[in-house]
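These are the residues of each chain, in order.
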Amino acid sequence: MSTAQADLAGHPLCQDLVQAGATLAGLGLSPGSSGNISVRIGDTVLMSPTGSDLASLDAGNLALLSLDGDVLGGPKASKEFPLHQAMYARYPDMTAVVHLHSPNAAALSCTQPWAPHSALPPITPYLVMRVGQVPLIPYAAPGNSSQGAYINSLDFDFSAVLLQNHGPLTSGASVQQAVDAIIEIEEAAKLVLLLQERPARLLDDAEIAELTRTYGTTWKTSGP
Ligand SMILES: [Zn+2]
């Protein structure tokens, strides 16, 4: 463990990261060794190591990188670091990023997006309140930097994305917020899949606007 890592191992955000990994794995949302979590502390990022089991992360054995992606210590970071990096670069207030291959959201990521600004429709108030719109990021092989560039290029606000044929990625001002968001996406995706081709009532523009105004999320309100 490097000195910098030892200093950060006791940081509350580091403890939150380890706890979040156990929570998400316990919910069955991290099949195999999939998924990764990171936190931003100052100008550094601590991230779950490549191939690690989220159920048993070690606060003293996380990958430590600069926001530019320079390796500062610890084991090798997940190859999906560039996606985390893109969210931190775009949103300086975000301190945590969570990515999973959770089954319902991953299944939905293989279907046509509901609209250009959101893969998921406004199907429940909780999705609109806790997450907001979730744009679909076109497919690229894991680790390819093009998806980070795409995230940076979008000209509307969002706090989470769905990676095509892959899975969800959320950010939060706290680890808990990012965790709550990715669970909400999984639940909303499950409802969309349950409904399949049945015509579903979606929240209307006025209902969406009331929620985004109250909860500070973003959703374009003119339908798909
Ligand atoms: Zn992944």
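Residues numbered from 1 in each chain as written. Predicted model: local features only at pLDDT ≥ 70, side-chain atom pairs only at ≥ 80, totals over all residues. Heavy atoms only, no water.

(A) Quick look at the side chain of Ser34. With respect to the helices and strands, the residue Ser34 is situated in the loop between α2 (12–26) and β1 (36–41). Only 2.6 Å separates the side chain of Ser34 from the backbone oxygen of Pro31, close enough to count as a polar contact. Once residues lying within four places of it in the same chain are set aside, the contact partners of Ser34 are Leu54 and His101. (Helix = DSSP H or I, 4+ residues; strand = E, 2+ residues; numbered from the N terminus. Polar contact = N/O pair within 3.5 Å; in protein donor to acceptor, adjacent residues only side chain to side chain. Contact = heavy atoms within 4.5 Å.)

(B) Focus on the pattern of salt bridges. Inspection of the entire model under this criterion finds 3 salt bridges. Residues Arg130 and Glu184 are paired through a salt bridge, measuring 2.8 Å at the closest nitrogen-oxygen approach. With Arg130 in helix α5 (residues 125–130) and Glu184 in helix α7 (residues 175–195), this pair connects stretches of sequence that are 54 residues apart. Under the relative-accessibility criterion, Arg130 is labelled partly exposed at 44%. Note on Glu184: relative accessible area 11%, which makes it buried. For Glu187, the salt bridge is made with Lys190, and the minimal N-O distance between the two is 3.6 Å. (Salt bridge = Lys/Arg side-chain N within 4 Å of Asp/Glu carboxyl O. Buried < 20%, exposed > 50% of the residue type's maximum accessible area, 1.4 Å probe, protein only.)

(C) Highlighting the pairing of β1. The element β1 is extensively covered by neighbouring structure, given that 6 of its 6 residues are classed as buried. Going residue by residue along β1, you find Asn36, Ser38 and Arg40 tucked away on one face and Ile37, Val39 and Ile41 tucked away on the opposite face as well. Of the strand pairs in this sheet, β1 and strand β5 (residues 96–99) are connected by 4 bridges, and their pairing is antiparallel. What sits directly across from Val39, in β5, is Ala96. The hairpin formed by β1 and strand β2 (residues 44–47) contains 2 residues between the paired strands, and Gly42 there has a positive phi angle of roughly 65°. (Pairing = 2+ DSSP bridges.)

Function cannot be inferred from these measures alone, as they are strictly geometric.
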